[in-house]
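Below are the chains, spelled out letter by letter.
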Amino acid sequence: MRYILCAALFCSLLGAQDKTSVSPPAPREDGTFYVNGIDYHFISATNYTVVVAAHSVVNRKFLGVKVRILNNGQHSVTVRPEDVRLEDAVAGRDLAAISGTDLAKKMRRPYNWSRYAVNAAAGPAPGAGDDLETVDHQHSDLMRALLMANQMGNASPVLSRRSITEADAEPDSGIAPQATFSDEVSHLRRKEASRPDALMQLQRQISPDFVERTSFLANTIPPRADVDGVFYYPMGKLARDPAAAKKAAKSRKVRVTVPVGEVEFQFMLAVE
């Protein structure tokens, strides 16, 4: 009996030692910062940081959800648009996104120009026999001319010529392991403010090309780099909170889930 008790005590000590040797899950940090009045939410885990913002865009016909993913780990990670989910938190149902390419096609149709507020820079309506590729080249030439005129007049360009989903050519310096929470917030805000804000521009009169160029695409993110882009959802399919006033801003709420590697990042956002 004494040997049995000693063996049981020894096994219990080994089990306790194994439990203490397993490191607890890495803590998550989350916060909010603002760029031009738009609130950006972020969650930071050990290997990845995800930043999300949402606002009504394209003449308030669509919800634009901007997602930035930073790879702070040592290995590349692949993110696909179809993996990102958006749920109408009021109605309790998932919403299907419309791709930037499909939305741009809708905007190029002449009878949708006023509805989606396409600006004059998008060029004239293509005729029945016009080649779409020719029209796109004409549009690109118009945009290039507008940008050159703005730059010569010491004005900031209307649109960025760089794709929002294009990864930086140089690896991002990232956040040092010993950095404070305040340092991380400053770093993320500076990254969002360093380029023209896509959500701000999408609230104005913009071209179909810009909508297509800013959409989130499938990307493999190398270590110390990041990618970003916009998801589009029909605003008319979002339910309003019955407890809120009929015309109150942010009366709609969505839950955004962004899987990155083995981690799922989830955000609750009020829609304006």
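Attention here is on the structure that accompanies the text. The residue count restarts for each chain, going from 1 along the sequence in the order it is written. Only residues with pLDDT of at least 70 are given local features in this predicted model, and only at 80 or more are side-chain atom pairs given and counted; all residues enter the totals for whole chains, interfaces and linings. Side-chain numbers here rest on the full set of heavy atoms in the structure, without hydrogens or water.

### Here's the deal with the environment of Arg252
Link 1 in the chain: A run of H or I in DSSP counts as a helix once it spans at least four residues, and a run of E counts as a strand once it spans at least two, with each numbered from the N terminus. Among the secondary structure elements, Arg252 is positioned in strand β10 (residues 252-260).
Link 2 in the chain: Each C-alpha atom, one on Arg252 and one on Glu272, is 7.6 Å from the other, the two residues being 20 residues apart in sequence.
Link 3 in the chain: In this structure, Arg252 is in contact with Met235, Leu238, Ala239, Arg240, Leu269, Ala270 and Val271, ignoring residues within four places of it in sequence. We call two residues contacting when some pair of their heavy atoms lies within 4.5 Å.

### A closer look at the packing of aromatic side chains
Link 1 in the chain: Between rings of Phe, Tyr and Trp, where Trp is taken as its six-membered ring, a pair exists when centres lie within 6.5 Å; planes separated by under 30 degrees are stacked, by over 60 edge-to-face, and by other angles tilted. Applying the stated criterion to the full structure yields three aromatic pairs.
Link 2 in the chain: Relative to Tyr40, the ring of Phe33 has its centre 5.5 Å away and its plane inclined at 5 degrees; by these criteria the two rings are stacked.
Link 3 in the chain: The classification of residues rests on relative accessible area computed with a 1.4 Å probe and restricted to protein chains. Under 20% of the type maximum is buried, over 50% is exposed, and intermediate values are partly exposed. Residue Phe33 is classed as buried on the basis of its relative accessible area of 4%.
Link 4 in the chain: Both rings, one in Phe216 and one in Phe231, keep their centres 5.1 Å apart while their planes meet at 20 degrees; by these two values the pair is stacked. Taken together, the positions of Phe216 in the loop between α7 (208-213) and β8 (219-221) and Phe231 in strand β9 (residues 225-234) put the pair 15 residues apart, joining distant regions of the chain.

### Concerning the nonpolar core
Link 1 in the chain: Counting 32 residues, the largest nonpolar core has Leu63 and Val65 as the members making the most contacts within it.
Link 2 in the chain: Among residues more than four places away in sequence, those in contact with Val65 are Val52, Ala53, Ala54, Leu86, Gly229, Val230, Phe231, Tyr233 and Val256.
Link 3 in the chain: Counting residues in each nonpolar core, the second largest holds 24 residues, with Val51, Val57, Tyr116 and Ile206 among its members. Nonpolar cores are built from buried Ala, Val, Leu, Ile, Met, Phe, Trp, Tyr and Cys residues. Side-chain atoms within 4.5 Å join them into one set.

### Focus on the pairing of strand β1 (residues 29-35)
Link 1 in the chain: Strand pairing is defined by DSSP finding a minimum of two bridges between the two strands. One ladder, built from seven bridges, connects β1 with strand β2 (residues 38-44); its direction is antiparallel. Opposite Glu29, over in β2, you have Ser44 as the bridge partner.
Link 2 in the chain: Adjacent in sequence and paired antiparallel, β1 and β2 are bridged by two residues, among which Asn36 carries a positive phi angle near 55 degrees.

### Observations regarding unusual backbone geometry
Link 1 in the chain: In this structure, Asn36 takes a positive phi of about 55 degrees despite not being glycine.
Link 2 in the chain: Within the secondary structure layout, Asn36 lies in the loop between β1 and β2.
Link 3 in the chain: Judged by relative accessible area, Asn36 falls into the exposed class, the value being 54%.
Link 4 in the chain: Located in the positive-phi region is Val58, a residue other than glycine, with phi close to 50 degrees.
Link 5 in the chain: On the secondary structure map, Val58 appears in the loop between β3 (48-57) and β4 (62-71).

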